[in-house]
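Descriptive structure summary
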Amino acid sequence: MLRFYFGPMDCGKSTLALQMNYNHGRQGRRGLVLTKHDRSGGPKVTSRIGLDSEAIEVVDDLDLVDLVRRHGPVDYVICDEACFYTVEQIEQLADLADHHGVDVYAFGLASDFRSQMFPAAQRLFELADEISRLQVEVLCWCGRPGLLNARVVGDRMVRTGEQVVIGDTDAALIRYRVLCRRHHRAGDLGEG
Ligand SMILES: [Zn+2]
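Below: a short report on this structure.

What counts and what doesn't
- Residues numbered from 1 in each chain as written.
- Predicted model: local features only at pLDDT ≥ 70, side-chain atom pairs only at ≥ 80, totals over all residues.
- Pairing = 2+ DSSP bridges.
- Helix = DSSP H or I, 4+ residues; strand = E, 2+ residues; numbered from the N terminus.
- Axes fitted to C-alpha atoms, helices over the stretch in contact; angles between N-to-C directions.
- Buried ≥ 20, exposed ≤ 12 C-beta atoms within 10 Å, placed from the backbone.
- Contact = placed C-beta atoms within 7 Å.
- Core = buried A, V, L, I, M, F, W, Y, C linked by C-beta atoms within 7 Å.

This next bit is on the sheet that holds strand β11 (residues 174-179). Pairing is antiparallel in the open sheet, where 3 strands are placed in the order β10-β9-β11. Taken across any chain shown, the strands that pair with only one partner, and hence form the sheet edges, are β10 (156-158) and β11. This sheet shows a mean twist of 50° between the axes of neighbouring strands, independent of strand direction. Bridge count between strand β9 (residues 148-153) and β10: 3 bridges; the pairing is antiparallel. What sits directly across from Val152, in β10, is Met157.

Structure, rendered in structure tokens:
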């Protein structure tokens with residue numbers, strides 16, 4: 001099975017990914033945890049509530065079928081930040097599910113700061129057996145459910161630029177905010 005869990009930042013994706021890894025591990029199942037561009041900046045899955053796990057960093061030319069083969073018997077793979085993988089790697093996840101008996105749990109954003117879908121997320125929507133929207137206590141400043149990620153430079157929301165820029169690091173002037181659809185479309189950060 002290939003499953004995709006999506007939602008905006010801070011909706012608890014990484015926390016659920018770690019919880020799932022823990023639950024499977026307790027049942028004696030063998031798994032791998034993969035990530036890309038985790039907020040820690042290293043090969044780790046970290047969650048805002050303080051859980052973390054060592055993880056394999058997914059670089060663009062990493063073949064995920066090969067990776068699983070090299071790690072011997074693998075029952076399941078947890079893929080955090082799957083929105084940043086390549087489309088080819090999403091195909092490889094489907095291969096793992098179909099031809100290698102691996103359960104794949106992919107987590108990620110659906111759309112970027114312009115509210116347009118990441119190519120990898122789009123492929124997951126097309127291929128996954130199960131798709132779930134996560135909505136865990138992430139609200140826009142107005143109190144509506146947070147659905148979309150806004151990129152903020154200084155005190156302004158921007159709509160142009162590279163699709164992937166990691167924010168909230170020391171060097172970055174960019175940060176992200178979760179907004180409801182209405183305020184994302186209006187570009188209203190509720191700060192003025
Ligand atoms: Zn709002």
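Every other side chain in a regular strand lies on the same face of the sheet, so the side chains alternate between the two faces. When you tally the buried positions in strand β7 (residues 103-108), you get 5 out of 6 residues, the bulk of the element. Bridge count for strand β1 (residues 2-6) against β7 is 5 bridges, and the pairing is parallel. For Tyr5, the partnering residue across the bridge sits in β7 and is Phe107. In this structure, strand β6 (residues 76-79) lies alongside β7, joined through 4 bridges in parallel fashion. The residue of β7 that forms the bridge with Ile78 is Tyr105.

This paragraph deals with the environment of Arg177. Residue position: Arg177 is located in strand β11. Classification of Arg177 as buried rests on a count of 23 C-beta atoms within 10 Å. As a C-alpha pair, Arg177 and Gln163 span 14 residues in sequence and 15 Å in three-dimensional space. When residues no more than four places from it in sequence are discounted, the contact partners of Arg177 are Ala150, Val152 and Leu189.

Right, let's get into unusual backbone geometry. Look at Glu81: it is not a glycine, yet its phi comes out positive at around 55°. As for its position among the elements, Glu81 is in the loop between β6 and α3 (87-99). Using a count of 24 C-beta atoms within 10 Å as the deciding quantity, one classes Glu81 as buried.

One finds Val77, Cys79, Val104, Ala106 and Ala120 to be the most contacted residues of the largest nonpolar core, which totals 37 residues. Mapped by element, the contributors of at least two residues to this core are β1, α1 (13-26), β2 (31-35), α2 (64-70), β6, α3, β7 and α4 (119-127). With residues near it in sequence (within four places) discarded, Val77 still touches Gly31, Leu32, Leu34, Val68, Leu96, Val102 and Val104. Among the nonpolar cores identified, the runner-up in size contains 7 residues, and Phe113, Cys140, Val178 and Leu179 belong to it.

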